[in-house]
Structure formats: structure tokens, C-alpha cells
Amino acid sequence: MSKVKLIQGNVACALGALAAGADFYAGYPITPSTEIAEFMASRLPKIGGHFIQMEDEIASMGAIIGASAVGHKAFTATSGPGFSLMQELLGYAVITELPLVVVDVMRAGPSTGLPTLPSQSDVQQARWGTHGDHAIIAISPASVTETYFETIRAFNLAEKYRTPVVLLIDEKIGHLRERFDVPDDFVPKIINRKTVVDKKAQYVPYENTADLVPPFVPLGQGVHWHITGLTHDEKGFYSSNPQVVDKSIRRLSAKIEDNKKDICKLETVFTEDADILLVAYGSVSRTAQEALNQLRAEGIKVGLVRLITLWPFADEEIAKLLAGKKAVMVPEMNLGQIFKEVDRVARGVKVFAQSRVDGDLITPAEIVAKVKEVL
Amino acid sequence: MEAVYEKYFRDNIPHIWCAGCGNGIVMGAFARAMEKLGWDQDDTVVLSGIGCSSRITGYLDFSTMHTAHGRALAVATGVKMAEPRLKVVVFMGDGDAAAIGGNHFIHACRRNLDITAVVINNYIYGMTGGQFSPLTPFGKKATTAPYGSIDRSFDMVELAKGAGASYVARGDVFHVKQLVDLLAEAGEHKGFSLVEVISACPVSYGRNNKMAEPIDLLMQIKKDTVNIKAAQNMSEEDLAGKIVVGRHYQADLPEYSEVYADMVAGLQKGGEGR
Ligand SMILES: Cc1ncc(C[n+]2csc(CCOP(=O)(O)OP(=O)(O)O)c2C)c(N)n1
Ligand code: SF4
């Protein structure tokens, strides 16, 4: 790279989406995500893509679902209140297996809450916000550069697994301006949804293929298939046959849960010799890294597990990292939404939550103090 | 006629609709309108919301999408924006379009994307068993209006006109030939078109309102409707309580995906757009 570029997390997300091949954006303005819409409004028409501002977030989800159904890579960006409105149609995208990306730049709730301040309180909304049994992929980046790469990965995973993917960016990262370390000539690896070779041959839109992900043919390309949010058979038509329903609902979860090796991503820092582990994600993981540096300097053996993929939760991998540790601490800007997951897989290791829900960041000093208290 | 049905219907009929339901009449009229228009089924996407009427997409031999309650127009907007080459038709029930989907409806009218919207108005929530909708006439009974509805109802034609739709018509399931013509005309029209179809639900509406026999509702529709041409020479008194059917409005207005394409073309020539 020639010059040092300083850009904002939200802009890195928009650039990542474009690099991934997104050519359709529909959205409704909401702080702290609006810069993504503004960037797409300016850029997409110039490259022949489509930008549309819809009447609300429900409509925005509807529009990207429609665009995805006709074969486009589509996404929207919002924050907590808008994400709540999107939940019904998020489930529609899950059961109809339409790839798309929903960016939630998290602010503190409930309700209008703290519109301009950071939070990580939509983590469980991303997991269980839509009704019904389902699996979901959610990713939470911790820097501007990582936001770019993880946005590309979000699109790739959406396409690969024919599923919606949620990108959970906390306001701090969304609005952070920092060095953007992506070489000008960087060419990302792009995944496009799998299709069929012969479109005229009998197409089975929800075929039980060995990889659990059926091939896709866009609507309006000569194959008259049917998409419905009702439970459906392999041909896509409504079925209430218990065997058919059971098989399809289990497959929807399995195609994600059985591929954790591919989907889950985390980083570890000094975990091997550590007595105490920090588990963190998003902007808080940077604070945790800083606390770790200070504690290590004092000779206290602390390690860090930095989660990048939040859902599906990397149960086994995390359980292994935790095994034999004296204690684990989960600092996060909510009342313990990932803490409860870590505690669930800790198998007897003591896990402590460190919560902050006042719109302020958790400081390294707070983590240092808490570690010392726990030890 | 058989050949028309064979061409446009999937082979999964019988359908779920009750005997005497107007939905089948609308579906038949749509097939005949398609035959008139000669659209390529491969280039046509048909969408619907949720309700008895919205099950129509399961039976039509096109690329079809049965969406969520009230959201069909939002999804259709994405389809048409992303692939303007496609013909897009959307079927909705009265609750679907005017209650839960009311916001999407007025904004779809306003944008004027080239979408043909068909609202099958049976005055009731059919699928959930007969609750009143925003189109249930004042005083009519429903399971959630056991003493008669005290809600004022929308006039879909006026709503669509006010919101900016560029083609607005109303047909009914008694005058089927007219309905076929209106559906074809709406399809032909460039821009957002609405065809409201006054329909019959003997089971959830008729039974609550002393018109349980399918023929009762059809006769009532025959009696209540007056063609827009005849209506022009009628006094306001004569028109009271009448349902005016026919083409109500048509205007040549800029179509949204074309306006967008113009902006894109301008930008790609190096301009700054409009
Ligand atoms: C979000 C949501 N709310 C409520 C329902 C339940 N529901 C299904 S169909 C329907 C109303 C159907 O009435 P209408 O749109 O008039 O269509 P009809 O069945 O009469 O053709 C309702 C309320 C639903 N499916 N989704
Ligand atoms: S309940 Fe009414 S609208 Fe639904 S299928 Fe029966 S007659 Fe038709």
C-alpha cells in the first residue's frame, strides 16, 4: 500500500461488501449504521448496482430477500431497533435458504436506548431474535481492517451455506477511524452460491444433498420453482408431513452446526500457559488485550480468547481452551450474553462476567482490577 | 380454456380453497389475462403474501414466491429493482395489502415501479377464520366484530390514487370477462398498477353475514356493482352503497427502475447524475 489510509469501520464494511460482490443494498437510516447506507447510495449507482431506501426495516429486509431470490448479493445495515423489525423476515431467509447479509451496528437498548453509544447487547437477538428453531451465523469484528475482511467472509459464508449472516459491529468499531491495512491490489477470494449445470433438467430446490446445502437457481431464469416460508418438501412446496418437516428443520440447523470448523473463527493470545483466560470480542477484545499486556508485565499469567465468529458458538474449541484454567473472565458490553455461553461449556471451570451497560467502554484498568480480584 | 389452464397452472391442483371461494375465479381470470398478454412465463415472477388468496402462487406455473404476511410488495420491490427485465405480479388479500402491508402498499404506489398488484378483497381475514379487515364494510359482522364492525373502511382505489399509483382499477368475480380485461390492461401498463378484485368468501365472510351460500355473495356482488361508464351518468344518491368497477385511473408517470437506470447511465458517462 502506498499511503496510510484512515477510514471508518462502517466504511470498511461497505468496502468489504463491494469487494465481496454485493450489488444490491436496501435500508432505512438509523444511527450508528447510517454511513453504510450513505456510502452505498453514492457508490452503487456508479458501478451499475442498485441502492434503494425503503419505508422501514421490514421493507428493507423484504427488498434484499427479493434481490437475493433473483440471484443478487444483497445486504442491509441497521441497529438494534431496526434489527428487531427485521426478525420475522430474517427467519424467512433462513427457511427459504436465501443468502444475504444483515449488518447490525450495535447501540444500547432496549428500545431507543442510547442511540449514539456502543453496546454488544444484540448478541442474543442475533441468535434467537427470529421465531422457530434455527441456526444462524454471526460475526463480530474488532478493528476497521478486520471489519473489511469479515464483511467479505460474511458474504462468502452466506453464499456457501445459503443462509443469512449477521455482522455484529459495535458502535465503537463502526465509528472508529483507524489505519486501513488492505493493500490496493488485494483480490479477495469470492464464493458464489452453488448452482446446477443443467437448468432445464429437473431442479430440486431443496434437495437433500450430501453437503446439506442445496444448489440454487435464481427466480426468473426459466425454472419455475416455488419459494415459501411454509415448511416445504424438497421441491419447495408446502408440506406438513412430520418426516419431511423434521428432516428439513434439522438440515437447516445441521448445515451450520455441523460446519463449525469452517465457520467458527477465533484467535488466541498466550492461552497455553495462562492461569486465567479472558474471552472477549469486538472492541472489548482490544481492551482485554491491553489489560493482558499490563498483567503479563506484572508477571500474571493471563491469556485471551478473541471470538470473531459468535454464532454458531465454538463449544468444543472453547471448552478445550478453558480446560484446567483457574478462572475465566468474560468482559462485554451487555449483561452477560456471551458469558452464559462460555459458562455453559466451561465444564467446572469458574467463569466470571464483567458487564457494562451504561454506554461507556470497559477500561483496561477495570479488567486488570477484576482479574486480580478473581485470582 | 382447458389448454389455458394447463399452460398456466401447475399440476398440483386440487387447491385448498373452499367451494364457492372467489380465489379460484381470480386465478382463472389471471390465466386468461396472461394468455391475452402473451408474457413469457420464464420472465415473469409472481409473488404473494400470506392468506387464503396468497396461496395462489403455489398453483401458478411461473417462478413464484409466497412471502410473509403483508410483505409481498417489499419483496417484489427487490425483485424488480434487481432485475428490471422481469415482469412482476403480486397477489395479496385485503388484510395482507391494507392492514399489515399498508405501509408497503402506499410506498409501492408512490415509487411507481412496474409491478402489477392484485388485491383480492373478500372483506375479511379468510385464512384465520373471519376477523374484520380494514376493508370490511362498516356494520358488517366478523368474529372479532360480533356486533358489527365499528371501523371505517378504506377505499383501495382512492388510497392507491392518493398514494401515486399510475393505474388503478377495480373488478369483481361476477364480471369475469371484465376482470380478465382489467388484469391484462394492468399488466400492459408501465408503472405501478392496482387491480382490486371484489371477491367472495362464503365461509368466513358470508356465514357471518347471512350469505353462507356461495351464490348469495355472487348475487350480492352482481347487485352492488356498477360499471364506471354507467356510473358517470348516475347521481350521488343513486351511487350510494354501489361499488364502481372498471378502470378508475391511468397516468403516464416515470417508472422507478427506468429513472434509476437513467441515473446510472448518466453517472457512467462521467456525469454526477441528477
Ligand atoms: C405477522 C403475521 N401476523 C398474523 C398472521 C396470521 N394471518 C395469516 S393470514 C391472515 C389474514 C388473511 O386475510 P387476508 O389478507 O384478507 O387474506 P385472505 O385469507 O382473506 O385471502 C392473518 C392475520 C401471520 N401469518 N403473520
Ligand atoms: S375461508 Fe374464504 S377466502 Fe379462504 S378459501 Fe375459504 S372461502 Fe376462500
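Residues numbered from 1 in each chain as written. Chains lettered and ligands numbered in written order. Predicted model: local features only at pLDDT ≥ 70, side-chain atom pairs only at ≥ 80, totals over all residues. Heavy atoms only, no water.

Attention now goes to the packing of aromatic side chains. All chains considered together, the criterion is met by 18 aromatic pairs over all chains. Aromatic pair A:Y203 and A:W225: ring centres 5.6 Å apart, planes at 85°, arrangement edge-to-face. Of this pair, A:Y203 sits in the loop between β9 (177-179) and β10 (226-228) while A:W225 sits in the loop between β9 and β10; the two residues are 22 residues apart in sequence, bridging distant segments of the chain. Here A:W225 falls in the buried class, since its relative accessible area comes to 3%. Relative to B:F91, the ring of B:F30 has its centre 5.1 Å away and its plane inclined at 90°; by these criteria the two rings are edge-to-face. Of the two residues, B:F30 is situated in helix α2 (residues 23-37) and B:F91 in strand β3 (residues 87-93); the sequence distance between them amounts to 61 residues. B:F91 carries the same exposure label as B:F30, and that label is buried. Among the aromatic residues, those joined into a ring-pair cluster are A:Y25, A:F51, A:F75 and A:F155. Sitting above the plane of the A:F216 ring, A:R193 keeps its charged end 4.8 Å from the centroid. The side chain of B:R55 reaches across the aromatic face of A:Y238, ending 5.2 Å from its centre. (Phe/Tyr/Trp six-rings, centres within 6.5 Å; stacked < 30°, edge-to-face > 60°. Helix = DSSP H or I, 4+ residues; strand = E, 2+ residues; numbered from the N terminus. Buried < 20%, exposed > 50% of the residue type's maximum accessible area, 1.4 Å probe, protein only. Lys NZ or Arg CZ within 6 Å of the ring centre and 35° of its normal.)

Further remarks concern the sheet that holds strand β4 (residues 116-121) of chain B. Across the sheet, which stays open at both edges, the nine strands sit in the order β10(A)-β2(B)-β1(B)-β3(B)-β4(B)-β8(B)-β7(B)-β10(B)-β9(B) with mixed pairing between neighbours. Strand pairing shows two members of the sheet lacking a second neighbour, β10 of chain A together with β9 (225-227) of chain B, which therefore form its edges. Each neighbouring strand pair of the sheet contributes to a mean axis angle of 20°, computed without reference to strand direction. Bridge count for β9(B) against strand β10 (residues 243-250) of chain B is three bridges, and the pairing is parallel. Bridging across to β10(B), B:V226 finds its partner in B:V244. Taken strand by strand, helix α4 (residues 80-96) of chain A contacts β10 of chain A together with β2 (63-66) of chain B, and its axis lies near 135° from that of β10(A). (Pairing = 2+ DSSP bridges. Axes fitted to C-alpha atoms, helices over the stretch in contact; angles between N-to-C directions. Contact = heavy atoms within 4.5 Å.)

What follows deals with the site of ligand 2. Taken together, B:W17, B:C18, B:C21, B:N23, B:C52, B:N122, B:G126, B:C201, B:P202 and B:S204 make up all the residues around ligand 2. Classifying every residue of the shell around ligand 2 gives six nonpolar, four polar and no charged. (Near = heavy atom within 4 Å. Nonpolar A, V, L, I, M, F, W, Y, C, P; charged D, E, K, R; others polar.)

Here the focus is the domain arrangement of chain A. Residue and element names in this part refer to chain A. Segmenting chain A into domains produces domain 1 (1-263) and domain 2 (265-374). Taking only C-alpha atoms into account, the centre of domain 1 sits 28 Å from that of domain 2. Contact with domain 1, which involves 32 residues of that partner, is made by 25 residues of domain 2. Summed over both partners, the interface of domain 1 with domain 2 comes to about 2,200 Å²; 54% of that surface belongs to carbon and sulfur atoms. One can count four salt bridges joining domain 1 with domain 2. A salt bridge links R286 to E178; the nearest nitrogen and oxygen atoms lie 2.7 Å apart. On inspection of domain 1 and its partner domain 2, the count reaches 19 residue pairs in polar contact (both at pLDDT 80 or more). Elements that contribute at least two residues to the side of domain 1 that touches domain 2 include exactly β6 (114-118), α5 (123-128), β7 (137-139), α6 (144-161), β8 (164-170), α7 (171-175), α8 (242-257) and α9 (260-263). For the side of domain 1 that touches domain 2, the leading source of residues is α5, giving four residues. The residue inventory of the side of domain 1 that touches domain 2, partitioned by class, reads 16 nonpolar, six polar and ten charged. (Domains from an automatic or database assignment. Buried area = accessible area lost by both parts, 1.4 Å probe. Salt bridge = Lys/Arg side-chain N within 4 Å of Asp/Glu carboxyl O. Polar contact = N/O pair within 3.5 Å; in protein donor to acceptor, adjacent residues only side chain to side chain.)

As a further point, take the pattern of salt bridges. Residues and elements named next belong to chain A. All told, the structure shown has 34 salt bridges over all chains when counted by the stated rule. When the shortest N-O distance is used, the salt bridge between R153 and E150 registers 2.7 Å. Of the two residues, R153 and E150 are both situated in helix α6; the distance of three residues between them amounts to about one turn of the helix. Residues R153 and E150 agree in their burial class; the two are buried. Sharing partners across several salt bridges, the network here consists of E257, K260, D315, E341 and R344.

The next subject is the pairing of strand β5 (residues 100-108) of chain A. Residue and element names in this part refer to chain A. Across the nine residues that make up β5, a large majority, nine, are buried. Burial along β5 is two-sided: the residues L100, V102, D104, M106 and A108 and V101, V103, V105 and R107 are all buried. For strand β4 (residues 74-78) and β5, the ladder comprises four bridges, and the chain directions are parallel. Looking at β5, one finds that A77 is bridged to V103. After leaving β4, the chain enters α4 and then returns to the sheet as β5, a path that is right-handed. Relative to β8, β5 is paired through seven bridges, and the arrangement is parallel. (Right-handed = clockwise from strand over helix to strand, strands pointing away.)

A few words now on the site of ligand 1. Close to ligand 1 lie 17 residues, the nearest being B:C52, B:S53, B:D94, B:D96 and B:G126. Lying at an intersection of chains, ligand 1 is approached by residues of chains A and B. Measuring from an oxygen atom of ligand 1, one finds a backbone N or O atom of B:C52 at 2.7 Å. B:G95 is positioned with one of its backbone polar atoms (N or O) 2.9 Å from an oxygen atom of ligand 1. For ligand 1, whose free accessible area comes to 590 Å², the fraction covered by protein is 77%. For the shell around ligand 1, the secondary-structure elements that each account for two or more residues are α4 (94-100) and β5 (124-125) of chain B. Ranked by the residues each element gives to the shell around ligand 1, the list is headed by α4(B), at four residues. Per-class residue counts for the shell around ligand 1 are six nonpolar, eight polar and three charged. (Areas by Shrake-Rupley, 256 points an atom, 1.4 Å probe, with all protein chains shown as cover.)

Another aspect to go through is the interface of chain A and chain B. With 43 residues of chain A at the contact, the number on the chain B side is 37 residues. When the two sides are added together, the surface that chain A and chain B hide from each other amounts to roughly 3,100 Å², 59% of it contributed by carbon and sulfur. Between chain A and chain B we count one salt bridge in total. Where chain A packs against chain B, one counts 22 residue pairs in polar contact (both at pLDDT 80 or more). For the side of chain A that touches chain B, the secondary structure elements donating two or more residues are β3 (50-53), α3 (57-69), α4 and β10 of chain A. The biggest single contributor to the side of chain A that touches chain B is α3(A), with eight residues. Here the side of chain A that touches chain B is composed, by residue class, of 24 nonpolar, 14 polar and five charged. Across three bridges, β10(A) lies against β2(B) in parallel orientation. In the sheet register, A:H226 faces β2(B), and the bridge partner there is B:T64.

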